[in-house]
Amino acid sequence: MEAHDGLSAKIVEESGFNGIWASGLSMSAAMGVRDNNEASWTQVLEVLEFMSDATDIPILVDGDTGYGNFNNMRRVVRKLCQRGIAGICIEDKLFPKTNSFIGENQPLADMDEFCGKIKAGKDSQTDPDFSIVARVEAFISGWGLEETLRRAHAYREAGADAVLIHSKIRSADEIMAFMEAWNNAGPVVIVPTTYYATPTEEFRRAGVSAVIWANHNLRASIRAMREVSRQLQRDESLVDVEKFVVSVRDVFELAGNDELAEAERRYLPTTLSGPRAVILAASRGIELGTLTENRPKCMIDVRGQPLLQRLVATFNEGGIRDIVVVRGYRKKMVNLPSIKTVDNDIHATTGEAATLACANEHLQAECIVSYGDILFRLHILDQLLAAKGDIVLAVDALWQERGNDNGRARDLIACSSPFRSGYHDNGPVSMVGIGPTLPEDSADGEWIGLMKLSADGAEAVRAELTSMSEDGSLGSASLTALMDRLRLRGQTIGVVYITGRWMDVDEVADLAEAQKFL
Ligand code: SPV
Ligand code: MG
């Protein structure tokens with residue numbers, strides 16, 4: 001079956017054919033030139049290389065006249081063997097050739113000269129299985145059966161693995177006459193482009209070894225491309241075009257994109273793709289009353305945009321594009337275009353740790369875990385991303401300055417050393433206690449709901465979530481409980497002190513604060 005580039009070669013292979021005809025007419029036409037050796041043989045070789053790379057079935061190349069004399073033929077054959085091409089067909093005409101369907105009485109090559117070319121080709125092949133098919137153009141040039149037979153026998157004797165007998169009449173009479181007189185003297189290939197009405201079975205019975213459907217992928221694609229181009233030009237709309245074209249997904253599949261994605265996972269350093277953010281946004285936010293009747297807290301409007309969109313924008317500004325949101329309550333409302341989502345469908349009866357566990361497979365490389373109801377200045381994210389350590393929390397040292405008239409729950413945290421304002425860095429600080437039972441007077445700060453995990457940190461978190469699931473504590477656990485378990489296991493939980501410039505939205509009054517914050 002004909003193919004003329006890597007894509008059409010793949011389609012021939014996927015259709016189940018066991019061989020490809022790299023048609024000179026089709027390759028030329030696909031390059032926008034005529035079938036008159038207008039494309040150089042090395043340009044053809046480049047196309048063949050793509051076809052060979054794209055497929056595993058044998059490719060028989062239409063080598064025209066061999067691109068010159070015996071010497072050119074030798075070099076072509078060596079190059080084809082290097083590229084894993086299975087064989088070449090050369091025709092006994094003169095360079096530059098003309099397509100067999102154009103004009104009459106095309107001059108033929110001298111028979112002995114052509115035999116020398118066949119011999120030179122056979123002597124040059126570096127792959128023992130490489131085949132040379134000698135194409136006899138005597139019928140095409142009006143010479144008749146006798147000359148066709150004379151040449152076919154001579155070419156076979158010169159070493160051709162098969163002969164191709166070409167005919168351009170509308171019946172198979174010339175071919176059938178040849179087959180009878182040839183008497184199985186060697187493999188015969190035919191090209192029934194003009195005499196296509198003859199059933200293939202008749203060719204089989206006559207002893208034909210191979211039939212070439214020589215140009216039908218090219219002609220099919222010309223019609224398809226023409227129709228779609230004309231329709232689009234006319235309609236200026238894709239509405240009636242979509243159903244006639246394959247999906248982009250199909251194109252990716254043909255190109256083998258799955259293999260590339262798999263290889264990227266194997267070979268690319270994960271940090272190259274940048275950190276990911278996992279945002280926990282499964283809860284309703286019942287304290288917000290009717291505001292969260294139809295949407296979760298993260299989708300509440302704050303100055304014209306959902307809270308979550310503000311949060312995503314901050315992550316984007318900080319260079320994080322890969323954002324996974326764990327949804328739960330009224331999950332369909334969480335539909336921003338640039339996010340991936342996973343769902344905690346039992347959010348009503350579970351807590352933050354269970355919500356995080358829903359994103360387990362996304363906790364792979366470096367990532368940020370964030371509550372879905374917070375707003376913070378970009379520099380806080382930058383500080384956290386720059387911090388060393390496998391698990392690092394952003395902790396507000398000025399927590400006492402934050403109003404707490406309504407006695408909201410806070411994630412208070414005790415640290416290895418208190419915040420020191422002033423000229424010097426704080427040095428490495430780690431968490432020594434966290435959670436609701438921590439007395440206020442031993443707290444050094446408030447965790448703002450933002451945490452960085454390295455690849456190792458992410459693995460530790462995944463392992464802890466698994467063990468919590470196994471011992472039955474996952475369902476009701478908070479993230480602070482998860483942190484404390486990790487600490488008790490000996491995991492260092494680092495702390496980056498920040499000084500305000502963040503807020504969370506817990507109740508209606510916070511919305512006014514959020515407006516100001518923005
Ligand atoms: C080709 O496909 O380029 C051929 C066959 O050589 S034909 O066009 O029939 O000559
Ligand atoms: Mg050709």
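Look up: the structure comes first, before these words.
Residues numbered from 1 in each chain as written. Chains lettered and ligands numbered in written order. Predicted model: local features only at pLDDT ≥ 70, side-chain atom pairs only at ≥ 80, totals over all residues. Heavy atoms only, no water.

Draft legend 1. Quick peek at the packing of helix 5 (residues 111-124) against helix 6 (residues 145-158). Interaxial distance between helix 5 and helix 6 falls to 9 Å at its minimum, and their mutual angle equals 30°. The orientation of helix 5 with respect to helix 6, classified from their angle, is roughly parallel. Here the hand of the crossing between helix 5 and helix 6 comes out right-handed. Taken together, the residues of helix 6 that come into contact with helix 5 (itself represented by Met111, Phe114, Cys115, Ile118 and Lys119) are Arg150, Arg151, Ala154, Tyr155 and Ala158. Residues of the contact of helix 5 with helix 6, tallied by class, amount to 7 nonpolar, no polar and 3 charged. (Axes fitted to C-alpha atoms, helices over the stretch in contact; angles between N-to-C directions. Helix = DSSP H or I, 4+ residues; strand = E, 2+ residues; numbered from the N terminus. Parallel < 35°, antiparallel > 145°, perpendicular 65-115°, else oblique. Left-handed = near helix turned anticlockwise from the far one by under 90°. Contact = heavy atoms within 4.5 Å. Nonpolar A, V, L, I, M, F, W, Y, C, P; charged D, E, K, R; others polar.)

Draft legend 2. Region of interest: the site of ligand 1. All residues in the neighbourhood of ligand 1 are listed as Trp21, Ser23, Gly24, Leu25, Asp62, Asn99, Ser100, Phe101, Arg135, His166 and Ala214. A distance of 3.2 Å separates an oxygen atom of ligand 1 from a polar backbone atom of Gly24. A distance of 2.9 Å separates an oxygen atom of ligand 1 from a polar side-chain atom of His166. Contact with the protein chains hides 100% of the accessible area of ligand 1, taken as 280 Å² for the molecule alone. Looking at side-chain class alone, the shell around ligand 1 contains 4 nonpolar, 5 polar and 2 charged residues. (Near = heavy atom within 4 Å. Polar contact = N/O pair within 3.5 Å; in protein donor to acceptor, adjacent residues only side chain to side chain. Areas by Shrake-Rupley, 256 points an atom, 1.4 Å probe, with all protein chains shown as cover.)

Draft legend 3. Representation of the packing of aromatic side chains in the model. Counted by the stated rule, this structure contains 7 aromatic pairs. Ring centres of Phe315 and Phe376 lie 5.8 Å apart, and the angle between their planes is 70°; this geometry places the pair in the edge-to-face category. In this pair, Phe315 is assigned in helix 12 (residues 307-317) and Phe376 in strand 15 (residues 374-376), connecting sequence segments 61 residues apart. What makes Phe315 buried here is its relative accessible area of 0%. Residue class for Phe376 comes out buried when judged on its relative accessible area of 4%. (Phe/Tyr/Trp six-rings, centres within 6.5 Å; stacked < 30°, edge-to-face > 60°. Buried < 20%, exposed > 50% of the residue type's maximum accessible area, 1.4 Å probe, protein only.)

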